[in-house]
Amino acid sequence: MVEASRIGQSIGFTLDRFIKNNQDQFQYASGELSQLLRDIALASKVVNREVNKAGLIDIMGPLGSQNMTGEDQQKLDVLANIRFTRALKKGGEVCALISEESESYEDLNNNGKYVIAIDPLDGSSNIDVNVSIGTIFSIYRRKSKIGGPIQSEDILQKGSEQVAAGYILYGSSTMLVYTTGHGVNGFTFEQSLGEYFLSHPDMEMPETGKVYSINEGASNSFPEPVKKYLQFCKDSTYTARYIGSLVADFHRNLLKGGIYIYPSTAKDTKGKLRLMYECNALAFISEQAGGLATDGEQRILDIEPQDLHQRTPFYVGSRQMVEKAQSF
Ligand code: AHM
Ligand code: MG
């Protein structure tokens, strides 16, 4: 955890300054990871602008074919993928990009030292209805020789090997929350200045809470232990809150305490969420904030990935609540 005194002095710092001041925390401090985080922040500002005018696109664009800058209109999740890919390619620190939007990984710069896994815009069912959505990212050190071809050891790394992870929440305000393994810090975007400012230093997830987030509509096909845990939540008069946007549900639970569950179901026998670019990042952040993340049996960060788009059941949130759910 970052020492309180150091953080205390930094409230209101811009993200850039905060990254610079804390650069010495990185194991391989040579400035590239800092620059990579800045690239992500920059791309997120562009995506934020587009998310904010999502409802206007049909009004302002000439009948759905092209937008105002002459590009073909794209769905926002595809557009976000383009924005992040472009920013990371220009930045040059990333050799391979794994994205929810692409079947295979993308080679960005052979000399890049980092691998990134990203869900550019998560919560797709909420994009068109003005409900919070998010970007999720995980950053790994490349393992193979710099300059050579990408190897599977570079792209299929366990969550415990992340060197940084974070998310951007496009909500009632836009926030960027990230960790480099030294605690979790949250930054709020100030629209008129175009800057992220440190607003939530050294975030800690409450040990326990009273909120459970799960899509109960699918409960007929939940595993028996999950059904029993849900009954326990009701008997304990917990409150149900489910936005259906992972980042938003996670962020609320991070601040207020709670548990988010996406178990295996009849439709998604291995769960719905993707290990590499949805679960690993949030698992890293939750552990750094004092919470827990498991697949119901083992720690998410210990899962050996076999596939870029692998799915996993996901139980994440306040430590005591995840432990309780697991005990069922
Ligand atoms: P997506 O990557 O297609 O957007 O799906 C991920 C989303 C999560 O944000 C959310 O928690 C979950 O899917 C909701 O799924 P469901 O509608 O099945 O409850
Ligand atoms: Mg997603």
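Each value, and the rule that gives it
- Residues numbered from 1 in each chain as written.
- Chains lettered and ligands numbered in written order.
- Predicted model: local features only at pLDDT ≥ 70, side-chain atom pairs only at ≥ 80, totals over all residues.
- Heavy atoms only, no water.
- Donors = N, O, S within 2.8 Å, 3.2 Å for Na, K, Ca; no water.
- Helix = DSSP H or I, 4+ residues; strand = E, 2+ residues; numbered from the N terminus.
- Buried < 20%, exposed > 50% of the residue type's maximum accessible area, 1.4 Å probe, protein only.
- Expected span 1.5 Å × (residues − 1).
- Arc of directions from axis to C-beta.
- Contact = heavy atoms within 4.5 Å.
- Near = heavy atom within 4 Å.
- Polar contact = N/O pair within 3.5 Å; in protein donor to acceptor, adjacent residues only side chain to side chain.
- Areas by Shrake-Rupley, 256 points an atom, 1.4 Å probe, with all protein chains shown as cover.
- Nonpolar A, V, L, I, M, F, W, Y, C, P; charged D, E, K, R; others polar.
- Domains from an automatic or database assignment.
- Buried area = accessible area lost by both parts, 1.4 Å probe.
- Salt bridge = Lys/Arg side-chain N within 4 Å of Asp/Glu carboxyl O.
- Pairing = 2+ DSSP bridges.
- Axes fitted to C-alpha atoms, helices over the stretch in contact; angles between N-to-C directions.

1. A word on the coordination of the magnesium ion (ligand 2)
Alright, step 1. The magnesium ion (ligand 2) binds to the protein through Glu100 (OE), Asp119 (OD), Asp122 (OD) and Glu278 (OE); the donor distances cover 1.9 to 2.3 Å.
Alright, step 2. Read from N- to C-terminus, the donor residues coordinating the magnesium ion (ligand 2) fall into the pattern E-x18-D-x2-D-x155-E. Taken together, the residues Asp119 in strand 3 (residues 114-122) and Glu278 in helix 9 (residues 275-288) connect sequence positions 159 residues apart.
Alright, step 3. For Asp119, a relative accessible area of 0% translates into the label buried.

2. Thoughts on helix 7 (residues 224-235)
Alright, step 1. With 12 residues, helix 7 ought to run about 16 Å at 1.5 Å a step, and its terminal C-alpha atoms sit 17 Å apart, in line with that.
Alright, step 2. Residues of helix 7 that are buried: Val226, Tyr229, Leu230 and Cys233. In an axial view of helix 7, the angular spread of the buried residues amounts to 100°, which keeps them on one side of the axis. What points out from helix 7, more than 90 degrees from its buried face, is the exposed set Lys228 and Asp235.
Alright, step 3. Structurally, helix 7 contributes buried residues whose contacts are with strand 9 (211-213), strand 11 (259-262), strand 13 (314-317) and helix 10 (319-327).
Alright, step 4. One or two steps after helix 7, the chain reaches Thr237, where phi turns positive at roughly 45°.

3. Let's talk about the site of ligand 1
Alright, step 1. Surveying the vicinity of ligand 1 reveals 16 residues, the closest of which are Asp122, Tyr242, Leu246, Tyr260 and Tyr262.
Alright, step 2. Measuring from an oxygen atom of ligand 1, one finds a side-chain N or O atom of Tyr242 at 2.5 Å.
Alright, step 3. Side-chain polar atom of Arg274 to an oxygen atom of ligand 1: 3.1 Å apart, as the coordinates give it.
Alright, step 4. When ligand 1 sits alone it has 470 Å² of accessible area, and the protein chains cover 84% of it.
Alright, step 5. Taken together, the elements giving at least two residues each to the shell around ligand 1 come down to strand 3 and strand 11.
Alright, step 6. Its residues assigned to classes, the shell around ligand 1 comprises 5 nonpolar, 5 polar and 6 charged.
Alright, step 7. Taken domain by domain, the shell around ligand 1 gets at least three of its residues from each of domain 1 (11-200) and domain 2 (211-327).

4. Considerations on the domain arrangement of the protein
Alright, step 1. The domain boundaries assigned to the protein delineate domain 1 (11-200) and domain 2 (211-327).
Alright, step 2. For domain 1 versus domain 2, the separation of C-alpha centres amounts to 23 Å.
Alright, step 3. Between domain 1 and domain 2 the total buried area reaches about 2,700 Å² when both faces are included, carbon and sulfur atoms providing 66% of it.
Alright, step 4. Counting the contacts that link domain 1 with domain 2 gives 1 salt bridge.
Alright, step 5. For Glu100, the salt bridge is made with Arg274, and the minimal N-O distance between the two is 3.1 Å.

5. Structural notes on the sheet that holds strand 12 (residues 292-294)
Alright, step 1. Strand order in the open sheet formed by 5 strands is 10-9-11-13-12, with mixed pairing between adjacent strands. Edge positions in the sheet fall to strand 10 (239-240) and strand 12, since each of these pairs with one other strand and no more.
Alright, step 2. The sheet contact formed by strand 9 and strand 11 spans 2 bridges and is parallel. Bridging from a neighbouring strand, Ser213 pairs with Tyr260 of strand 11.
Alright, step 3. Against the sheet, helix 8 (residues 246-256) touches strand 9, strand 11 and strand 13, its axis set at about 165° to strand 9.
Alright, step 4. Lying over the sheet, helix 9 contacts strand 12 and strand 13, oriented at roughly 30° with respect to strand 13.

6. Things to note about the pattern of salt bridges
Any two side chains of opposite charge can pair, given that their charged atoms come close.
Alright, step 1. Throughout the structure, instances matching the rule amount to 12 salt bridges.
Alright, step 2. Arg38 serves as the salt-bridge partner of Asp16, at 3.5 Å between the closest nitrogen and oxygen. Note that Asp16 is positioned in helix 2 (residues 15-21) and Arg38 in helix 3 (residues 32-52), a separation of 22 residues in sequence.
Alright, step 3. For Asp16, a relative accessible area of 39% translates into the label partly exposed.
Alright, step 4. Across the pair Arg83 and Glu50 runs a salt bridge, and its minimum N-O distance is 2.8 Å. Taken as a pair, Arg83 in helix 5 (residues 76-91) and Glu50 in helix 3 lie far apart in primary sequence, 33 residues in all. In this structure, Arg83 and Glu50 share a single accessibility class: buried.
Alright, step 5. Counted as one network, the salt bridges with shared partners bring together Glu100, Arg274 and Glu278.

7. Structural notes on the side chain of Glu278
Alright, step 1. A relative accessible area of 1% places Glu278 in the buried class.
Alright, step 2. Only 2.8 Å separates the side chain of Glu278 from the backbone nitrogen of Arg274, close enough to count as a polar contact.
Alright, step 3. When sequence neighbours within four positions are dropped, the list of residues in contact with Glu278 reads Glu100, Asp119, Asp122, Ile136, Leu246 and Leu273.

8. Quick word on the environment of Lys113
Alright, step 1. For Lys113, the location among the structural elements is in the loop between strand 2 (106-107) and strand 3.
Alright, step 2. Using a relative accessible area of 23% as the deciding quantity, one classes Lys113 as partly exposed.
Alright, step 3. On a C-alpha basis, the gap between Lys113 and Ile146 in space is 6.7 Å, while along the polypeptide they are 33 residues apart.
Alright, step 4. Among the polar contacts made by the side chain of Lys113, one reaches the side chain of Glu32 at a distance of 3.0 Å.

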